[in-house]
Amino acid sequence: MSTEQRNPNSTALDLKSTREIVRLFNEEDRKAVAAVEAEADAIAQTVEIIVAAFRRGGRLFYIGAGTSGRLGVLDASECPPTFSTDPGLVQGIIAGGDVALRRAVEGEEDKPERGAAAIQERQLTPRDVLIGIASSGRTPYVIGALKEARAIGATTICLCCVPPPDELKAFVDHFITPIVGPEILTGSTRLKAGTATKLVLNMLTTIAMVKIGKTYDNLMVDVHASNTKLIDRSIRIVRDVTGVNAALAETTLAQADGKAKVAIVMLAKGLSATDAIALLEKHDGFLRPVISDSPL
């Protein structure tokens, strides 16, 4: 596997100066970006699969071990505060459970039955999508989960940093394979492979949320204003879209229970919060068609 091979560019790593190693990291990280770019079509297809699942009432699950699992949990955990999604819509599963987020739980990744059990515990259905994340494409825990998900009838996707392993093709519907090559530190896939994985996950959920109406223009109008920073951001979003002053934006945002999208409709249409919510629901949560004919 290329993920386990030695990188000829980093030989004598321990003899290089700090500045030389920094430069080497920069050079190798560019390869991760290029590898992700090469998978643009596969990533776009996966986004469409996720969007279709959301529209039919399905959910997105990530599953992985070690770095792969942590990155999946991270991406899933960012969706509720960024897009006000239900925590169940996008879920991350890591081998060893939540304790493995902070401390490696060795051996769990070698147990396919634990991966299968994790899928059973989450009660996947044919409407759901499971993305197995495994840099090597061979993690038994992930393979067990993918097999179980396929048996249930869920859509299965594998994100790995090697060419699609033949043994996975029987139970994986779609592959995303950014080939990053050998790591600077041999076998340490938290480096380029981890970077490529994070880049892919960023795109999958962000673009999917754009496609289901969680944004307007390039603004996160569904942000959950749960702290001072996000309240300030929500006020700026309301002002940017409606053109009102900060005081009116803040007052209306409070009336909208901190929901920027609702506040925008209230101001643009002169509606109460209840009526603004009803109008948004009529348009499946998409803001643009609601305010497109507004004078604001």
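Our subject is the structure listed above.
Scope of this entry: the structure provided in the associated data block. (Residues numbered from 1 in each chain as written. Predicted model: local features only at pLDDT ≥ 70, side-chain atom pairs only at ≥ 80, totals over all residues. Heavy atoms only, no water.)

## A word on the side chain of Thr82
Phase 1: Positionally, Thr82 belongs in helix α3 (residues 66-83).
Phase 2: On the basis of relative accessibility, which here comes to 18%, the residue Thr82 falls in the buried class.
Phase 3: A polar contact is formed between the side chain of Thr82 and the backbone oxygen of Glu78, at a distance of 2.8 Å. (Helix = DSSP H or I, 4+ residues; strand = E, 2+ residues; numbered from the N terminus. Buried < 20%, exposed > 50% of the residue type's maximum accessible area, 1.4 Å probe, protein only. Polar contact = N/O pair within 3.5 Å; in protein donor to acceptor, adjacent residues only side chain to side chain.)

## Looking at the pairing of strand β4 (residues 155-159)
Phase 1: In terms of burial, β4 is largely enclosed, as five of its five residues are buried.
Phase 2: The side-chain alternation of β4 yields two buried faces, one formed by Thr155, Ile157 and Leu159 and the other by Thr156 and Cys158.
Phase 3: Strand direction decides the pairing type here: strand β3 (residues 129-133) and β4, joined by five bridges, are parallel. Bridge pairing in β4 places Gly132 opposite Cys158.
Phase 4: Following the chain from β3 across helix α5 (residues 140-152) to the adjacent parallel β4, one finds a crossover that is right-handed.
Phase 5: Of the strand pairs in this sheet, β4 and strand β5 (residues 174-176) are connected by three bridges, and their pairing is parallel. Opposite Cys158, over in β5, you have Phe175 as the bridge partner. (Pairing = 2+ DSSP bridges. Right-handed = clockwise from strand over helix to strand, strands pointing away.)

## Overview of the state of the cysteines
Phase 1: The final tally for this structure, using the stated rule, is zero disulfides.
Phase 2: As a non-bridged cysteine, Cys160 has Cys158 as the owner of its nearest cysteine sulfur, 4.0 Å distant.
Phase 3: No disulfide involves Cys161; its sulfur sits 7.1 Å from that of Cys160, the nearest cysteine. (Disulfide = S-S within 2.5 Å.)

## Describing the environment of Gly72
Phase 1: Here Gly72 lies in helix α3.
Phase 2: When its relative accessible area of 1% is taken as the criterion, Gly72 is described as buried.
Phase 3: Residues Gly72 and Ile50 lie 22 residues apart in sequence; the distance between their C-alpha atoms is 15 Å.

## Focus on the packing of helix α7 (residues 228-242) against helix α9 (residues 260-269)
Phase 1: Their axes nearest at 9 Å, the elements α7 and α9 cross at an angle of 35°. Judged by the twist between their axes, the crossing of α7 over α9 is right-handed. Contacts between α7 and α9 involve Ser234, Ile237, Val238, Val241 and Thr242 from the first element and Ala260, Ala263, Ile264 and Leu267 from the second.
Phase 2: By residue class, the composition of the contact of α7 with α9 is seven nonpolar, two polar and no charged. (Axes fitted to C-alpha atoms, helices over the stretch in contact; angles between N-to-C directions. Left-handed = near helix turned anticlockwise from the far one by under 90°. Contact = heavy atoms within 4.5 Å. Nonpolar A, V, L, I, M, F, W, Y, C, P; charged D, E, K, R; others polar.)

## Some thoughts on the environment of Gly137
Phase 1: Relative to the assigned elements, Gly137 resides in the loop between β3 and α5.
Phase 2: The sequence separation of Gly137 and Met1 amounts to 136 residues, and the corresponding C-alpha distance is 9.4 Å.
Phase 3: Here Gly137 is in contact with Ile143, Cys160, Val162, Pro165 and Leu168, once residues within four sequence places are set aside.

## Digging into the nonpolar core
Phase 1: Ranked by size, the top nonpolar core spans 34 residues in total, and within it Phe54, Leu60, Tyr62, Val90, Ile131, Leu204 and Met209 carry the most contacts.
Phase 2: Contributing elements (two or more residues each) for this core: α1 (18-38), α2 (40-55), β1 (60-64), α3, β3, β4 and α6 (192-211).
Phase 3: Apart from the residues lying within four places of it in its own chain, the contact partners of Val90 are Phe54, Leu60, Tyr62, Ala76, Cys79, Thr205 and Met209.
Phase 4: Core analysis: the next-biggest nonpolar cluster, separate from the first, contains 27 residues, Tyr216, Ile235, Ala249 and Ile264 among them. (Core = buried A, V, L, I, M, F, W, Y, C linked by side-chain atoms within 4.5 Å.)

## Focus on the sheet that holds β1
Phase 1: Pairing within the open sheet is parallel, and its five strands lie in the order β2-β1-β3-β4-β5. Unpaired on one side and paired on the other, β2 (90-94) and β5 mark the two borders of the sheet. If you compare each strand with its neighbour and ignore which way they point, the axes differ by 20° on average.
Phase 2: In this structure, β1 lies alongside β3, joined through five bridges in parallel fashion. Directly across from Tyr62, in β3, lies its bridge partner Ile131.
Phase 3: The strands touched by α2 within the sheet are β1, β2, β3, β4 and β5, with β5 carrying the most contacts at an inclination of about 130°.

## Side note on the environment of Asn7
Phase 1: Positionally, Asn7 belongs in the segment before α1.
Phase 2: Here Asn7 falls in the buried class, since its relative accessible area comes to 5%.
Phase 3: Taking C-alpha positions, Asn7 is 8.0 Å from Gly181, a pair spaced 174 residues apart along the chain.
Phase 4: Not counting residues within four places of it along the chain, the set of residues in contact with Asn7 comprises Glu28, Pro182, Glu183, Ile184 and Lys192.
Phase 5: Only 3.1 Å separates the side chain of Asn7 from the backbone oxygen of Pro182, close enough to count as a polar contact.

By themselves, these are just geometric observations and shouldn't be taken as functional.
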